[in-house]
Amino acid sequence: MTATLTGDGLADAVVLVTGAAGALGAASARMLAERGARLVLTDLDAAGLEKVAAGLPGAAVCVPGDVASEADVDAAVAAGVEAFGRIDRYHLNAGIPGPLVRLPDLTVEDFDRVVAVNLRGTFLGLRAAFRRFEAQGSGGAIVLTASIASLRGSDDLLAYQASKHGVLGLLRGAAVYGGPLGVRVNAVAPGIVPTALFAASGDGPGGGGDMARRAATTPLRRPGTPEEIASVVAFLLGDGASYLTAEVVSVDGGAAAVSTVRPSGGAGAWDTGPVDARLRAGAREGSRA
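Bear in mind that the values here come from a model prediction, so they are computed numbers and not experimental data.

(A) Spatial organisation of the side chain of Ser147. Structurally, Ser147 is set in the loop between strand S5 (140–145) and helix H5 (158–178). With sequence-adjacent residues up to four places away left out, Ser147 is seen in contact with Tyr160, Lys164, Val188, Ala189 and Pro190.

(B) Region of the structure containing helix H4 (residues 108–136). Between its first and last C-alpha, H4 extends 40 Å over 29 residues, near the 42 Å set by a 1.5 Å rise per residue. Phi turns positive, to about 65°, at Gly137, one or two residues after H4.

(C) A look at the UniProt feature "domain: Ketoreductase" (unreviewed entry) in the protein chain. Mapped onto this numbering, the UniProt entry annotates "domain: Ketoreductase" (unreviewed entry) at residues 13–179. Counting secondary structure, residues 13–179 comes out at 51% helix and 16% strand; the distance between its end C-alpha atoms is 20 Å.

(D) Up close: helix H3 (residues 70–84). The terminal C-alpha atoms of H3 lie 21 Å apart, and with 15 residues this matches the ideal 21 Å at 1.5 Å per residue to within 8%. Along its buried surface, H3 packs onto strand S1 (14–18), strand S2 (38–43), strand S3 (60–64), strand S4 (89–92) and H4.

(E) Seen up close, the nonpolar core. By size, the foremost hydrophobic cluster in this structure holds 32 residues, and its most contacted members are Tyr90, Leu126, Ile142, Leu144 and Val185. Of all the elements in the fold, those that place two or more residues in this core are S1, H3, S4, H4, S5, H5 and strand S6 (183–190). Setting aside residues up to four positions removed in sequence, Leu144 forms contacts with Leu92, Thr122, Leu126, Val167, Leu171, Val185, Asn186, Ala187 and Val188. Leu10, Leu56, Val143 and Ala230 belong to the second-largest nonpolar core, a separate cluster that totals 31 residues.

(F) How the structure looks around the pattern of salt bridges. One pass over the full model with this rule turns up 10 salt bridges. As a salt-bridge pair, Arg113 and Asp66 come within 3.2 Å of each other at their nearest N and O atoms. Taken as a pair, Arg113 in helix H4 and Asp66 in the loop between S3 and H3 lie far apart in primary sequence, 47 residues in all. Three or more residues joined by partner-sharing salt bridges are found here, namely Asp12, Arg38, Arg86 and Asp88.

(G) Representation of the packing of H3 against H4. Interaxial distance between H3 and H4 falls to 10 Å at its minimum, and their mutual angle equals 40°. Where H3 crosses over H4, the handedness of that crossing is right-handed. Across the interface between the two elements, Glu70, Val73, Asp74, Val77 and Val81 of H3 pack against Arg120, Leu124, Gly125, Arg127, Ala128 and Arg132 of H4.

(H) Representation of the environment of Thr145 within the structure. If you trace the backbone, Thr145 turns up in strand S5. Residues Thr145 and Ala212, 67 residues apart in the sequence, show an inter-C-alpha distance of 21 Å. Excluding its chain neighbours within four sequence positions, the residues that come into contact with Thr145 are His91, Leu92, Asn93, Lys164, Val167, Val188 and Pro190.

(I) Representation of the side chain of Thr122. Locating Thr122 in the fold gives a position in helix H4. Beyond its immediate stretch of four places on either side in the chain, Thr122 contacts Leu92, Val117, Leu144, Val167 and Leu170.

Calculation notes
- Residues numbered from 1 in each chain as written.
- Predicted model: local features only at pLDDT ≥ 70, side-chain atom pairs only at ≥ 80, totals over all residues.
- Heavy atoms only, no water.
- Helix = DSSP H or I, 4+ residues; strand = E, 2+ residues; numbered from the N terminus.
- Contact = heavy atoms within 4.5 Å.
- Expected span 1.5 Å × (residues − 1).
- UniProt positions renumbered as here; feature names shortened; annotations may be inferred.
- Core = buried A, V, L, I, M, F, W, Y, C linked by side-chain atoms within 4.5 Å.
- Buried < 20%, exposed > 50% of the residue type's maximum accessible area, 1.4 Å probe, protein only.
- Salt bridge = Lys/Arg side-chain N within 4 Å of Asp/Glu carboxyl O.
- Axes fitted to C-alpha atoms, helices over the stretch in contact; angles between N-to-C directions.
- Left-handed = near helix turned anticlockwise from the far one by under 90°.

This is the structure:
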């Protein structure tokens, strides 16, 4: 068993983690458990949840469900309270990328599903957390998973970007509401971290196949790891961040700081021709459809 780390207030804390079967959620679960936390894990992937829980050094309850479902979110919280008597902290991490398609080709169904999971799901998690804190008469801490896509734009993954920008709106409103109640709300904004989430998008530009190459353009010149994201989540949930709220912490190898129009940011080092050619070719094909 991994030795429990103390001093950050996480020992014996009960933490609910959404999207816990995925790489980022699983890494957060492991790191929190190593610090002595007891966990409530939820995800659509029931088998994945059980696998994560089996590898943890401490107690965990698994509650399969959809974060976009009000009933499922409430059931996860209820299961945690039944198992442990309370929930002290929340890592609202679940998210999906949506399809890598041109803006004219994005369907309403795909847009709505991404927004339902990433934005509605975060809202439902926040609401459930505040209701539980109120019932307990306690404060606590919440960490949302935002993204570099919360801070920047590109011409693909439109639904994902819209939803992740919306997460920051929820973050700031919840932090303002929660502060006087003793509830801190912060967000972690990962950059390129190779996981199955984007690997499923394929080997095309901007998908899973070229992540390492794209990450090489960051100041740290490499992609991140789930554990590097989890360490920031654990910090934000812990007592070391006791005077930190409404903050978005970019964990992206410095990508969000880069000015692409300066020489140090790669200005002139890449050819926009192929990018624009694909864009225009797609527009021509669309006009003939």
